[in-house]
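# Coordinate inspection notes
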Amino acid sequence: MNTFKKGVHMDIKVWMYVIYLAVSVGLTIWVARALSRNGQVFLEEVFAEERLARAVNSLLVVGFYLLNLGYVTVAMKHSDPIDSTSQAMEELSLKIGLVLLVLGALHFFNVFALGRYRRNRLRQLATHPPLAPIGRLPMPSTPPGSQLVGAYPGGPQPTGAHPAGPQPAGPRPAGPQPGVDPTNNPPTR
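Heads up: these notes are all about the structure in this document. Just so it is clear, the model here is predicted, and its values are computed rather than measured. (Residues numbered from 1 in each chain as written. Predicted model: local features only at pLDDT ≥ 70, side-chain atom pairs only at ≥ 80, totals over all residues. Heavy atoms only, no water.)

## Structural notes on the overall build of the protein
In plain terms, the rule: Helix numbering and strand numbering both begin at the N terminus, where a helix is a DSSP run of H or I of at least 4 residues and a strand a DSSP run of E of at least 2. Should any heavy atoms of two residues lie within 4.5 Å, those residues are counted as being in contact. Reported accessibility uses the Shrake-Rupley method at a 1.4 Å probe radius. Residues are deemed covered only where the shown protein chains occlude them.
Counting its secondary structure elements, the protein contains three helices and zero strands. Long-range contacts, defined as pairs at least 24 residues apart, comprise 69% of the intrachain contacts of the protein with a sequence gap of at least 6. With an accessible surface of roughly 14000 Å², the protein has 67% of that area assigned to carbon and sulfur atoms.

Below you can see the structure in the form of C-alpha cells.
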C-alpha cells in the first residue's frame, strides 16, 4: 500500500514538472520571439544602423534564453512531497508566476538600458552642430594701433588688428556695439 501511495505521489510531482517545463519554455520562446520582432524597430532607432541593431537583437535573444531557461531549470526542484493535485497546482502556479516575473523584469531592464543608451546618444548628437558655420558675424573694426576696450576684461588688452583676422570693409551699423563700452571708446584719428 505504501509503495502504491509513493508511486502516486511521484506521478503527481512528475506531471507537475512536465507541465511546469512545457509552460515555462513555451512562455520563454513566445516572449523572446515577440521581443525580437518588435524590438528590432526600437534597436534600429537606438543604434541608427540596421546591421548593428540586428546583431544586438540576436545577442539579446540569446542572453534572454540563457537567463530564463537557466532560471526555469534551477527553480524546478521541489523537495517537499506533494500529496494532492491541488498542492501540485499551487506549487505550479507559484513557479510559473516566478518565471513570468523574471521574464518581465528582464524585459523592463532591457528597455530601460537601451532607452538610456538612446538618450545619451541623442544628447551627444545635440552637442555637435548639424552644419558647419558658414561665416562670422561682423565685428567692429578698429584702427591699427588702438586697443579693444572690453574684449578682454581683467587681462592685457591686445593692440593692433582684431585677433579674429581682417574684417570686411564697409559702413558700421549705428548704435551701441556689443562688447564695447560706449563711454570709454578711444578717440579716433
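## Observations regarding the environment of alanine 75
Note the following rule: Buried, partly exposed and exposed residues are distinguished by accessible area as a fraction of the type maximum, computed with a 1.4 Å probe on protein chains only: under 20%, between the cut-offs, and over 50%, respectively.
Within the secondary structure, alanine 75 sits in the loop between helix H2 (50-74) and helix H3 (85-127). Judged by relative accessible area, alanine 75 falls into the buried class, the value being 18%. It is 8.8 Å that separates the C-alpha atoms of alanine 75 and leucine 98, two residues lying 23 residues apart in sequence. Once you skip the residues sitting within four places of it in the chain, alanine 75 turns out to touch Tyr20 and Lys95.

## Comments concerning the pattern of salt bridges
Heads up, the condition is: For this analysis, a salt bridge means a side-chain nitrogen from Lys or Arg found within 4 Å of a carboxyl oxygen belonging to Asp or Glu.
Scanning all chains against the criterion turns up three salt bridges. Between arginine 54 and glutamate 50 there is a salt bridge; the shortest N-O distance is 3.1 Å. Taken as a pair, arginine 54 and glutamate 50 lie in helix H2 at a separation of four residues, close to a single helical turn. Judged by its relative accessible area of 47%, glutamate 50 falls in the partly exposed class. A salt bridge links lysine 95 to glutamate 91; the shortest N-O distance between them is 3.6 Å. Residue lysine 95 and its partner glutamate 91 are both found in helix H3; the two are separated by four residues, about one turn of the helix.

## A short note on the packing of aromatic side chains
The criterion, for reference: Whether two aromatic rings pair depends on their centres lying within 6.5 Å, for rings of Phe, Tyr and Trp, where Trp uses its six-membered ring; planes under 30 degrees apart make the pair stacked, over 60 edge-to-face, and the rest tilted.
Summed over the entire model, instances satisfying the criterion amount to one aromatic pair. Here phenylalanine 47 and tyrosine 117 contribute two aromatic rings whose centre-to-centre distance is 5.1 Å and whose plane-to-plane angle is 40 degrees, an arrangement assigned as tilted. Note that phenylalanine 47 is positioned in helix H1 (residues 2-47) and tyrosine 117 in helix H3, a separation of 70 residues in sequence. Take tyrosine 117: its relative accessible area is 40%, and that puts it in the partly exposed class.

## Concerning H2
For the record, the criterion: Residue count minus one, scaled by 1.5 Å, sets the expected span of a helix.
Helix length check: H2 (25 residues) gives 36 Å between terminal C-alpha atoms against 36 Å at 1.5 Å per residue, within 8%. Looking only at H2, the buried set comprises Ala53, Val56, Asn57, Val61, Phe64, Asn68 and Val72.

## Thoughts on the layout of surface pockets
Threshold: Put plainly, a pocket is an open set of points on a 1 Å grid over the protein atoms alone with protein on both sides within 12 Å along at least five of seven lines, a cavity is a set where a 1.4 Å probe fits but cannot get out, and a lining residue has an atom within 4 Å of a point. Grid points are joined across faces, edges and corners, and a volume is the space filled by probe spheres set on the points. Residue polarity is assigned by list, with Asp, Glu, Lys and Arg as charged and Ala, Val, Leu, Ile, Met, Phe, Trp, Tyr, Cys and Pro as nonpolar; anything else, Gly included, falls into the polar class.
Each pocket or cavity is described by its volume, and for the second largest pocket that value is around 250 Å³. As for the second largest pocket, its lining consists of 16 residues, and the residues nearest its centre are Leu35, Gly39, Leu60, His107 and Asn110. For the lining of the second largest pocket, the elements supplying multiple residues, two or more each, are H1, H2 and H3. Of the residues assigned to the lining of the second largest pocket, the class counts are ten nonpolar, six polar and no charged.

## Notes on H3
In this model, H3 (43 residues) spans 63 Å end to end at C-alpha, consistent with the 63 Å of a helix rising 1.5 Å per residue. Residues Ala88, Glu91, Leu92, Lys95, Ile96, Val99, Leu103, Leu106, Leu114, Gly115 and Arg121 constitute the buried set of H3.

## What to know about the side chain of glutamate 91
The class for glutamate 91 is buried, based on a relative accessible area of 16%. If we ignore the near neighbours within four places in the chain, the residues touching glutamate 91 are Met16 and His78.

## Topic: unusual backbone geometry
With the exception of glycine, most residues fall at negative phi, and the peptide bonds are largely trans. One non-glycine residue, alanine 48, lies in the positive phi region at around 60 degrees. Tracing the sequence through the fold places alanine 48 in the loop between H1 and H2. The exposure class of alanine 48 is exposed, given its relative accessible area of 56%.

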